[in-house]
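A structural walkthrough
If you want the building blocks of each chain, they are given just below.
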Amino acid sequence: MYLATTGRRDASAPPRTGGAGRGVPGTVLALGTVSLVTDISSEMVTAVLPLYLVLGLGLSPLQFGFLDGLFNGAASVVRLLGGHAADRGHRHKRVAGIGYALSACSRLGLLLAGGATAGIAAALATDRVGKGIRTAPRDALITLSSRPEALGRSFGVHRAMDTTGALLGPLAAFALLWATADAYDAVFVVSFCVGLLGVLLLVLYVPGHHPAPPTKSIQPKRKVFAALRDRDFRRILGAATLLGAATVGDAFVYLLLQRRLGLPVGWFPLLPLGAAACYLLLAVPAGRIADRAGRRLPFLYGHVALLGVYATLLAPTGGPAPLLLALVLALLGVFYATTDGVLMALAGPVLPAYGRAGGLALLQTGQALARMLAAAGFGAAWTVWGPRPALWAAISALLAALAGGWALLPRNPSGTPAHEGPGAPIPERRTA
């Protein structure tokens, strides 16, 4: 119902409020639907790709890890180009559409590659490039379509819909493999068709134009790193990068959890679904809280939840395994619910409309590269010292990063709620 009206409404009109959408603009709901469908497509492949490459084609885990790490790093850099291209001429929808289309076509590339390593590498590269290109323009569209004081809720709704797709994708893949007797080609074909559906939804229901910034503020030759001129943005970027450098990565958390509890290997792929389910439940409430109480503190408290994950994994053995499992996955879900969309909502209003996508791309790239370095450092520490000393090092690094983030994050950046902290007055809500 929302999609049917989104494509027809005047893009210059203010975002809708009220009704079943509870004040969430139609553009955000349309983008959330596109992300939901696209994530079903992408997670279908992600869930079976290690099995297909390692067991089906005989690649070693080292080869697979190298390919995956290389292309993830490349995607982080491509984000900058995607954000810059989207800002030039206000072409956010077009650039995002190219990214979604590339990711969809990569599934067909996996099907056509057969067992050729070069073809597989090209398909994986196309998928990562597509993801890198679309992320910043999509998030910029969310910020440009929403009122500044409701950005947390908009990102919460979008991330909840996105996570729904991430939950359904692996389930669909394993159901297909069960029904077709492990026919990976069937997964790739269905994933390709679902991905094309996501592109079609973007074309039909996401408005292509948004209110242009005032003429005096348009700067068509704006450079990629121009956002760094803003002091508040530099502080947000510094805090996000610092905290990202103390985030060891979900894969290590799941490996430590599996070792700690002695879980059967067959249950390992289901661990991310537990954290994703918690993220899905908390994304919208976390966004609403951030809008009402300020986005700085929820972002920092989210990293305190991550600190709880590390501490729980270090707790003495002997407790009930289901409780420890539920606590770790719940805290990990809290971490993502209070940091992912909240960070974009915190930074979006600081950036001018004509440079929104480029600035968000710079923020996402800095955070992603910092997390890659953190994962590599934790892996090295685990190899040299063992898992427990590596966890103690991660806790120490995260405590230091939290102190730095507390000092760096601006307390009232432009366009965010003015009051934070317990007992602070809630800003008066504006109605359309």
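Residues numbered from 1 in each chain as written. Predicted model: local features only at pLDDT ≥ 70, side-chain atom pairs only at ≥ 80, totals over all residues. Heavy atoms only, no water.

A short note on helix H5 (residues 117–145)
- Between the first and last C-alpha of H5 there are 42 Å, a value that for 29 residues agrees with the 42 Å anticipated at 1.5 Å per step.
- Of all the bends in H5, the largest measures some 25 degrees and sits at threonine 135, one to four residues before the proline proline 137.
- Counting buried positions over the 29 residues of H5 gives 21, a clear majority of the element. (Helix = DSSP H or I, 4+ residues; strand = E, 2+ residues; numbered from the N terminus. Expected span 1.5 Å × (residues − 1). Bend = angle between axes of the 7 residues up to and from the residue. Buried < 20%, exposed > 50% of the residue type's maximum accessible area, 1.4 Å probe, protein only.)

A closer look at the confidence of the model for the protein
- Averaged over every residue, the pLDDT of the protein is 81; residues scoring 70 or more account for 80%.
- Per-residue pLDDT stays below 50 along residues 418–432; that stretch engages in 22 contacts with residues further than four places along the chain or on separate chains. (pLDDT = per-residue confidence, 0-100. Contact = heavy atoms within 4.5 Å.)

Here we look at the nonpolar core
- Residues Val309, Tyr310, Leu363 and Phe378 are the most contacted members of the largest nonpolar core, which totals 100 residues.
- Ranked by residues supplied to this core, first place goes to helix H2 (residues 26–56) with 13 residues.
- Not counting chain neighbours up to four residues away, the residues in contact with phenylalanine 378 comprise Val248, Phe252, Leu256, Ala390, Leu391 and Ala394.
- One finds Ala160, Tyr279, Ala283 and Ala337 within the second-largest nonpolar core, a separate group that totals 5 residues. (Core = buried A, V, L, I, M, F, W, Y, C linked by side-chain atoms within 4.5 Å.)

What to know about the environment of leucine 271
- For leucine 271, the position within the fold is in helix H10 (residues 271–293).
- In this structure leucine 271 comes out as buried when scored by relative accessible area, which is 5%.
- For the pair formed by leucine 271 and leucine 325, sequence separation is 54 residues and the distance between their alpha carbons is 9.0 Å.

What about the pattern of salt bridges?
- Within this structure, the stated rule accounts for 7 salt bridges.
- With a shortest N-O distance of 2.7 Å, arginine 107 and aspartate 127 are connected by a salt bridge. In this pair, arginine 107 sits in helix H4 (residues 92–113) while aspartate 127 sits in helix H5, placing the two residues 20 residues apart along the sequence.
- For arginine 107, a relative accessible area of 3% translates into the label buried.
- Two residues, arginine 147 and glutamate 149, come together in a salt bridge whose shortest N-O distance is 3.2 Å. (Salt bridge = Lys/Arg side-chain N within 4 Å of Asp/Glu carboxyl O.)

Some details on the environment of alanine 227
- Positionally, alanine 227 belongs in the loop between helix H7 (184–205) and helix H8 (231–244).
- Taking the relative accessible area as the measure of exposure, alanine 227 reaches 5% and is therefore buried.
- Spatially, the C-alpha atoms of alanine 227 and leucine 363 are 9.6 Å apart, while their sequence positions differ by 136 residues.

A word on the packing of H8 against helix H15 (residues 387–408)
- Contact geometry for H8 and H15: axes closest at 9 Å, N-to-C directions at 170 degrees. If you check the angle between H8 and H15, you find them roughly antiparallel. Here Arg235, Gly238, Ala239, Leu242 and Leu243 of H8 come into contact with H15, specifically with Leu398, Ala401, Leu402, Gly404, Gly405, Ala407 and Leu408.
- Its residues assigned to classes, the contact of H8 with H15 comprises 8 nonpolar, 3 polar and 1 charged. (Axes fitted to C-alpha atoms, helices over the stretch in contact; angles between N-to-C directions. Parallel < 35°, antiparallel > 145°, perpendicular 65-115°, else oblique. Nonpolar A, V, L, I, M, F, W, Y, C, P; charged D, E, K, R; others polar.)

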